[in-house]
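These are the residues of each chain, in order.
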Amino acid sequence: AARIQASVRGIFTRQRHRRRLEAAIRIQARIRGLWGRQKVAQIQRAAGKLQRNWRRFQAQLHVKQMVYERIEMLRLKRLDVLRAKLQEAAIVVLQRNWRRHVDAQNAIDERKEKGDADKRTTTMLVALLEGASALRHFIHPWWRHLPPQVQAILKELKGPLQRSIALLPVTGKLGSEELGRRGLNVASMEHLQGVQASKDPDLASHLLLQVSRHLLSHVPAELFPETIKWACYAIGHQAIKLHQTDGYYPQEIIPVGKDMPPHPHDKLHCLFKEMDIYKTRTDSMMTFPEESMPMLTLTGMPSHHRHVFLTAEVLVTMRQALDSPAISTDDHLKFQGLDASAGAQLMEVLGAEIEHRLPLDWPNQHGTVAALAQQLGSHVMEVKKEPLSENKEEKKTYAKGEEKPNSLSIFNRAAVMRVIQQVGYLMRDQYKIMDSVLGLQDEESTKKGEGVRQGRFVLMTDRLFDMADRAPHDHCSFVLAVVLFHMIIRALVLRLLYHRAAISLQKRYRYLKKKKKSRNAVAPAICIQRFWRGLRTGLQITRMELAVEKIQHSYRAYRWNSRNAKFLKATLHLQRVWQGALTRQWIRRLNESAIDIQRYARGLLVRVSLDRFGRELLRKSQTDLTQLMKRREELGEDEYLAQASAIAEKAKISLSKHRDRNVDLRRNGASTLKSKQARILDKRKKIKMKGSLQPVRISIFETFCAVARRTAQSQQNARFGCIHSGVLTEVRKCHRRLNRTMPN
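Residues numbered from 1 in each chain as written. Predicted model: local features only at pLDDT ≥ 70, side-chain atom pairs only at ≥ 80, totals over all residues. Heavy atoms only, no water.

Enquirer: Would you mind showing me how to read the overall build of the chain here?
Expert: The helix and strand inventory of the chain stands at 24 helices and zero strands. Looking at the chain as a whole, 32% of its 744 residues qualify as buried. Sequence separation of 24 or more characterises 80% of the internal contacts of the chain that already satisfy a separation of 6 or more. A total accessible area of about 50500 Å² is found for the chain, and carbon and sulfur atoms account for 57% of it. (Helix = DSSP H or I, 4+ residues; strand = E, 2+ residues; numbered from the N terminus. Buried < 20%, exposed > 50% of the residue type's maximum accessible area, 1.4 Å probe, protein only. Contact = heavy atoms within 4.5 Å. Areas by Shrake-Rupley, 256 points an atom, 1.4 Å probe, with all protein chains shown as cover.)

This is the structure:
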């Protein structure tokens, strides 16, 4: 039954599946027919739409083709017009871009060239500013650092050199004294260089380039002209920057050696007094602003220039003062012999040179030259300036006997900076002088007379640098360059002074020439005035003749007294030499006597040591040593040396005791048996007898001739002032009482 049921159910299930499959196939056929008809209808609609769009597109294309043909005709015409304009614009743009590129490249090259030149010209610019900062002195303070032979030549060259430079006419903007603006005298770049009109060049230009070449000796000859060009630009811009500085630094005059003793190896305290005989009238006339020019220069220059400036200032001062050429920037100054007092003295010298008072204990805190220079740079930048308005309102007062300077000889900051700027004007683009300095001048131009002649001042400058290069200190060439820059700039200031004087004379002459016409209208009054002035002049000449006679009489008396003083000085010098010879002879005699006494004393010690008993002690020690030597093979090396040393030391000790015993016996036999009171009375008697047998001597080294001379001089009356001084009498009494109380 179960199998029948399973068969029936299988049949029914297969029939049901077959009907379902047929129904599904019928549904699929209907659906596929519907979708096919819809797709065919969609294809027909799409085909119709494509046909419509294609025909519309063809029509539009035809219309556009017609429009485009018309537009193309217009475009071609417009392109022809634009092409012409673009060609012109492209040419302009190309030219502008090319010129911009060339200018930019030139600017890059010039900037690079300027950077390289700035590295090369640091020493030269610092030397120039170092010399310009001390313009108020008629010689640079570094004069004292030069060797004596160089100083002797510079003493002879100073006056003639400065006169030769000053007597040339003023060129460029020096006469206008205008800074920071384009004046009528300098309208373009053509006026930035000096034109050498005469056959001989300007001595200032030649010397400036000569000194610069010695400072820039490491620069190749082909780079020297462009280096000088950028140095001239730097000098001009630096002068403008210093001129436009707001405010001023008060000038502090620090007298070296007043508050403390000067350093023995630094001569700044007496330099200007010793060199006063070389100070000319024009040096005394020139007056500079009442401000610290070194401080103004230090604060206005770039930081690397300031560091070089201060390092050179400190290093040169320390080397010269300590007399140590090998000092470097990293050497500790205490190891070179610089104690606290010497450091304070040298800080006073540095403060006097930069015209600003500095702390005296810096060498103890900053022991090296580099550290001290760095501290100086920091301190200089921290110093506060005073406003210019207060400086202008203050008027300098002059004492009753003090001479007021002429307005022509007063040089303010603008005038000084104009002179410094003129240095760049005199050196720029002087190619003939550069060829002469570099030794590139050809022989043909020299033979034709077209070259540059080297005067005696230029030749002497080369010789001076050769002498400075051979000096013990390697900074002598730099110091010489600073001193020469100072002399040349002072000469340019003198040239400006002569220019002012010439302009003043021209104004005065034109005024008098114009006034002469008006004088002719009052001829009778002028005649009367002339006669009266003649009488007055005659009386004045008479008084002058009488004054001349008086001056002659006084001068002859002065010459007589001067000659007598000279003879007296020579006589005193001869006496000093003779007395010195006698003293040296006496001291030699005393030395010989002392040697004899020592010889006899040593001989006595030897004799008392090696008498009969002493010789027996020596023989005994020798016998012991002989016996020890016989037993040397039995003893070890160390034991033998120990016993030999013991025998030798015992012999020495016994001989020493024997010598001391004999010396004591002799000393006791020579001494007198006096009491202490008796010895004190004998000493008092001897002190009272002092000076009765022979004159009292200051020491045993004083000769009898010197004592007699001193005694005779003390008995004479004084040449000047009172006969006897009460103070000196009391001092002599104190000396006598002190001598009596002190033991012999």
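Enquirer: Is there a simple way to explain unusual backbone geometry in this structure?
Expert: One can expect most non-glycine residues to show negative phi and most peptide bonds to be in trans. The backbone of D323 shows a phi angle near 50°, a positive value even though the residue is not glycine. Among the secondary structure elements, D323 is positioned in the loop between helix 9 (303-322) and helix 10 (340-354). In this structure, E355 takes a positive phi of about 60° despite not being glycine. Along the chain, E355 turns up in the loop between helix 10 and helix 11 (362-365).

Enquirer: So what exactly am I meant to see when it comes to a positive patch on the surface here?
Expert: Residues R14, R16, R18, R19 and R20 make up a contiguous surface patch of positive charge. In this structure R16 comes out as partly exposed when scored by relative accessible area, which is 34%. (Patch = residues over 30% accessible without salt bridge, like charges linked within 9 Å, V, L, I, M, F, W, Y side chains within 5 Å. Salt bridge = Lys/Arg side-chain N within 4 Å of Asp/Glu carboxyl O. Lys, Arg positive; Asp, Glu negative; His and termini not counted. Charge placed at Lys NZ, Arg CZ, Asp CG, Glu CD.)

Enquirer: Would you explain the confidence of the model for the chain in this entry?
Expert: Low-pLDDT portions of the prediction should not be read for the details of their coordinates. Across the chain, the average pLDDT comes to 84, with 90% of residues at or above 70. Here residues 390-394 scores under 50 on pLDDT; set against residues more than four positions off or in separate chains, the count is two contacts. (pLDDT = per-residue confidence, 0-100.)

Enquirer: Could you clarify how one ought to interpret the side chain of T317 in this entry?
Expert: Along the polypeptide, T317 turns up in helix 9. Of the polar contacts made by the side chain of T317, one reaches the backbone oxygen of E313; its length is 2.7 Å. Setting aside residues up to four positions removed in sequence, T317 forms contacts with H145, D266, L346, V349, L350 and E353. (Polar contact = N/O pair within 3.5 Å; in protein donor to acceptor, adjacent residues only side chain to side chain.)

Enquirer: In this structure, what is going on with the packing of helix 3 (residues 148-166) against helix 4 (residues 203-215)? I would like to understand it.
Expert: Pairs of packed helices are described in terms of their axes, by the angle between the two and the distance that separates them. Where helix 3 meets helix 4, the axes come as close as 8 Å, and the angle between the chain directions of the two elements is 125°. With respect to each other, helix 3 and helix 4 are oriented oblique. Here helix 3 contributes L161, S164 and I165 to the contact with helix 4, which in turn contributes L203, A204 and L207. In terms of residue class, the contact of helix 3 with helix 4 is built from five nonpolar, one polar and no charged. (Axes fitted to C-alpha atoms, helices over the stretch in contact; angles between N-to-C directions. Parallel < 35°, antiparallel > 145°, perpendicular 65-115°, else oblique. Nonpolar A, V, L, I, M, F, W, Y, C, P; charged D, E, K, R; others polar.)

Enquirer: I tried to follow empty space enclosed by the protein on my own but got confused; where do I start?
Expert: To find leftover empty space, one rolls a probe the size of a water molecule over the atoms. Evaluation of the coordinates by the stated rule reveals one cavity of 30 Å³ or more. By volume, the largest cavity is sized at about 60 Å³. Taken together, the elements giving at least two residues each to the lining of the largest cavity come down to helix 3, helix 17 (456-469) and helix 18 (476-519). (1 Å grid on protein atoms, 1.4 Å probe; cavity = no way out; pocket = protein on both sides within 12 Å on 5 of 7 lines; lining within 4 Å. Points joined across faces, edges and corners; volume = space filled by probe spheres on them.)

Enquirer: Looking at this structure, how should I read helix 8 (residues 293-300)?
Expert: Since there are 3.6 residues in each turn of an α-helix, residues three or four apart along the chain are aligned in direction. Of all eight residues in helix 8, eight are buried, a share of seventy percent or more. Structurally, helix 8 contributes buried residues whose contacts are with helix 2 (122-132), helix 5 (224-243), helix 9, helix 10, helix 12 (369-382) and helix 14 (413-427).

Enquirer: Even after reading the chapter, I still don't get the packing of helix 1 (residues 2-120) against helix 5, so can you show me in this structure?
Expert: Where helix 1 contacts helix 5, the axes come no closer than 9 Å and their chain directions differ by 90°. The angle between helix 1 and helix 5 places the two elements in the roughly perpendicular class. Side by side, helix 1 and helix 5 meet where E110, E113, K114, A117 and R120 of the first sit next to E226, T227, K229 and W230 of the second. Of the residues assigned to the contact of helix 1 with helix 5, the class counts are two nonpolar, one polar and six charged.

Enquirer: Can you walk me through helix 12 in this structure?
Expert: Taking 1.5 Å of rise per residue, 14 residues should cover 20 Å, and helix 12 covers 20 Å from first to last C-alpha, within 8% of that figure. Along helix 12, the residues that are buried comprise V369, L372, A373, L376, G377, H379 and V380. Taken down its axis, helix 12 places every buried residue within 165° of arc, on the same side. Those residues of helix 12 that are exposed and angled more than 90 degrees off the buried face are Q374 and E382. (Expected span 1.5 Å × (residues − 1). Arc of directions from axis to C-beta.)

Enquirer: Would you take a moment to explain the environment of L128 for this structure?
Expert: When you line up the elements, L128 lands in helix 2. Judged by its relative accessible area of 2%, L128 falls in the buried class. In sequence terms L128 and I489 are 361 residues apart; their C-alpha atoms lie 9.1 Å from each other. Excluding residues within four positions of it along the chain, L128 makes contact with I235, V423, F485 and I489.

Enquirer: Help me understand the pattern of salt bridges in this model?
Expert: If charged atoms from side chains of opposite charge come close, those side chains can pair. If you walk through the whole model with that rule in mind, you get 19 salt bridges. Between R490 and D283 there is a salt bridge, and its shortest N-O distance comes to 3.0 Å. In this pair, R490 sits in helix 18 while D283 sits in helix 7 (residues 281-285), placing the two residues 207 residues apart along the sequence. For R490, a relative accessible area of 1% corresponds to the buried category. Measuring nitrogen to oxygen at the nearest pair gives 2.4 Å for the salt bridge that ties R319 to D474. A residue pair is termed long-range when its members are at least 10 positions apart, and R319 in helix 9 and D474 in the loop between helix 17 and helix 18 qualify at 155 residues.

Enquirer: Mind showing me how you'd approach a nonpolar patch on the surface here?
Expert: Taken together, I4, V8, I11 and F12 make up a surface patch of nonpolar side chains, about 380 Å² in accessible area. Looking at where I11 falls in the secondary structure, it is placed in helix 1.

Enquirer: I would appreciate a short explanation of the environment of Q162 in the present structure.
Expert: Within the element layout of this structure, Q162 appears in helix 3. By relative accessible area, Q162 is classed as buried at 5%. Through-space distance from the C-alpha of Q162 to that of M487 is 7.0 Å; in sequence the pair is 325 residues apart. In contact with Q162, not counting residues within four places along its chain, are D283, M487, R490, A491 and L494.

Enquirer: Even after reading the chapter, I still don't get the packing of aromatic side chains, so can you show me in this structure?
Expert: Aromatic ring pairs are described here by two measures, namely the spacing of the ring centres and the angle between the planes. One pass over the full model with this rule turns up six aromatic pairs. Ring centres of W54 and F57 lie 5.8 Å apart, and the angle between their planes is 35°; on these two criteria the pair is classed as tilted. Highlighted residues: W54 and F57, both in helix 1, separated by three residues, approximately one helical turn. Judged by its relative accessible area of 51%, W54 falls in the exposed class. Judged by its relative accessible area of 42%, F57 falls in the partly exposed class. Taking 5.9 Å as the distance between ring centres and 25° as the angle between the ring planes, the aromatic pair formed by F288 and F411 counts as stacked. Of the two residues, F288 sits in the loop between helix 7 and helix 8 while F411 sits in the loop between helix 13 (388-393) and helix 14, which places them 123 residues apart along the sequence. (Phe/Tyr/Trp six-rings, centres within 6.5 Å; stacked < 30°, edge-to-face > 60°.)

Enquirer: Help me understand the side chain of R319, please; the structure alone is not making it clear to me.
Expert: Taking relative accessible area as the criterion, R319 reaches 8% and is therefore assigned buried. Among the polar contacts listed, one links the side chain of R319 to the backbone oxygen of I327, at a separation of 2.8 Å. Aside from chain neighbours lying at most four places away, what touches R319 is S324, P325, I327, H473, D474 and H475.

Enquirer: In this structure, what is going on with the nonpolar core? I would like to understand it.
Expert: One broad rule of soluble globular proteins: the nonpolar side chains tend to lie buried together. Membership of the largest hydrophobic core comes to 113 residues, with the highest contact counts inside it found for L154, I165, I228, F411, M427 and L480. It is helix 18 that provides the largest number of residues to this core, a total of 18 residues. Residue contacts for I228: discarding those within four places in its chain leaves M124, L209, S212, L216, M427 and M434. (Core = buried A, V, L, I, M, F, W, Y, C linked by side-chain atoms within 4.5 Å.)

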